[in-house]
Amino acid sequence: MKVLIADKFEQSGRDGLQAIGCEISFQPDLKDEALVAAIGREQPDVLVVRGTKVTEAMLAAGPLKLIVRAGAGYNTIDVAAASRRGIYVSNCPGKNSIAVAELAFALILALDRRVADNVIALRAGEWNKKEFSKARGLFGRVLGLVGLGGIAQEMIPRARAFGMPVIAWSRSLTEEKAAVLGIERRETPLEIAREADMVSVHVALKPDTRTLIGAAFFKAMKDGAYFINTSRGEVVDQSALVEAIQAKGIRAGLDVFAIEPSSAVAEFTDPIANEASVYGTHHIGASTDQAQEAIAAETVRIIQSFKETGQVPNVVNLAQRTPATHRLVVRHRDRPGVLAQVLDAIKAERINVQEMENIVFEGAEAAVARINLDKAPSTEILDRLRAGNEDIIQLDLLTLQQ
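So, how was this worked out
The residue count restarts for each chain, going from 1 along the sequence in the order it is written. This being a predicted model, a pLDDT of at least 70 is required before a residue's local features are given, and a value of 80 or more before pairs of side-chain atoms are given or counted; all residues contribute to the totals for chains, interfaces and linings. Processing note: side-chain calculations cover all non-hydrogen atoms of the structure and skip hydrogens and water entirely. Strands qualify as paired when DSSP identifies two bridges or more between them. Runs of E in the DSSP output that reach at least two residues are strands. Runs of H or I that reach at least four are helices, and both are numbered from the N terminus. Angles shown run from 0 to 180 degrees and are taken between the N-to-C directions of axes, each axis being a line fitted to C-alpha atoms and, for helices, limited to the stretch in contact. Any two residues whose heavy atoms approach within 4.5 Å at even a single point are treated as in contact. Put simply, angles under 35 degrees are roughly parallel, angles over 145 are roughly antiparallel, angles from 65 to 115 are roughly perpendicular, and the rest are oblique. By convention, the crossing between two helices is left-handed when the near helix turns anticlockwise from the far helix through less than a right angle, and right-handed when the turn is clockwise. Amino acid classes used here: Ala, Val, Leu, Ile, Met, Phe, Trp, Tyr, Cys and Pro are nonpolar; Asp, Glu, Lys and Arg are charged; the rest, including Gly, are polar.

Section: the sheet that holds strand S14 (residues 353-360)
Reading across the sheet, the four strands line up as S14-S15-S13-S16 and stay open at both edges, with antiparallel pairing between neighbours. One side of each edge strand has no neighbouring strand; the edge strands of this open sheet are S14 and strand S16 (392-399). Across the sheet, the mean angle from the axis of one strand to that of its neighbour is 15 degrees, orientation sign disregarded. In this structure, S14 lies alongside strand S15 (residues 366-373), joined through seven bridges in antiparallel fashion. Pairing of Met356 across the sheet is with Ile371, part of S15. Against the sheet, helix H14 (residues 338-348) touches strand S13 (326-333), S14, S15 and S16, its axis set at about 150 degrees to S13.

Thoughts on the packing of H14 against helix H15 (residues 379-388)
Here H14 crosses H15 at 160 degrees, and the two axes come no closer than 11 Å. It follows that H14 is roughly antiparallel to H15 by the angle criterion. By crossing handedness, the relation of H14 to H15 is classed as right-handed. Contacts between H14 and H15 involve Gln341, Val342 and Ala345 from the first element and Ile381, Leu385 and Gly388 from the second. For the contact of H14 with H15, the per-class residue count stands at four nonpolar, two polar and no charged.

Concerning the packing of helix H5 (residues 97-113) against helix H8 (residues 150-161)
Contact geometry of H5 with H8 gives a least axis separation of 8 Å together with a crossing angle of 55 degrees. Classified by the interaxial angle, the pair formed by H5 and H8 is oblique. For H5 against H8, the interelement crossing comes out right-handed. Here H5 contributes Ser97, Ile98, Val100, Ala101, Glu102, Ala104, Phe105 and Ile108 to the contact with H8, which in turn contributes Gly150, Ile151, Glu154, Met155, Arg158 and Ala159. Across the contact of H5 with H8, the residue classes break down as nine nonpolar, two polar and three charged.

Structure follows, in structure tokens:
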């Protein structure tokens, strides 16, 4: 199996891929047209990326079967185009949760103590204890979490260590789960904005979360509150954030931005970086040795599973629901040609198979095939199959619940 790695990737991961028999090509600086050309030239089965954008032109350039995002988010991959081509897209969720939570708290502390401004003044030869001796302190301040995935859940024990009560909103958060986590649930993001002294955003980028944090949210925040975003820049209306910074004294710690360069080293011209109340980092939330080693190990596990079993852990682009309306259950003797005859009959009626599995019983004498169809076969076809093949033990048609 050929694996093209078009991004930074740990040596342990490269060694792991070689150990399972993969032929790897490590070209971490490939981008854009150069990556299209490399895929066409090297014909890889698997593409591994971190922040590198994967476009439809890249998917069309070679025989890719699997793309692994060596990280959690996958918004830099054209998942829809991959789905049209039957290419698996997989990621490594949860492996960077601690690293990102650590950075979120670093930003909170840096904002409160104005760490960056202290450093800049010292490097300029200035000693200004009078200016920098003002801080609110974290103890007793309410931390509001928008989203409650793995990273946000890692924020909770860290907040507890600082003596901060935590409130949270998530569509999936129940009162029972909140009680188990030792936090308080809120019904809407606006409630978080109104009550929190410090807000930290931890939602995945989806159509319904794009600009989730907008003008109404910032209007509801307390004057002078802290706003932290280590998720995705697109979940925030950045112009509304700038307005809140200027009008309400909001202080922001940002690891992500509305428009980020596509390469690791580039010019950054976003004017928000010039706001004195913004502390920014370079989308480095997952960039700790610990996190990258864990992500490398998970990437190897994904590729090994695909190589050895054809199954892809953490796949993100399989249909949650298909157009299937009926399931044909075929209990049959495990003989050549049985299912071929069934599928030929289905094809003759122009019925499409949506999903199919064949489970073999111990001893390999009998099996059960479950075939999901987009409409019901005719009674005549079913009767003909039952009567026409002595290796079909039983054949049932079930109507699926929609």
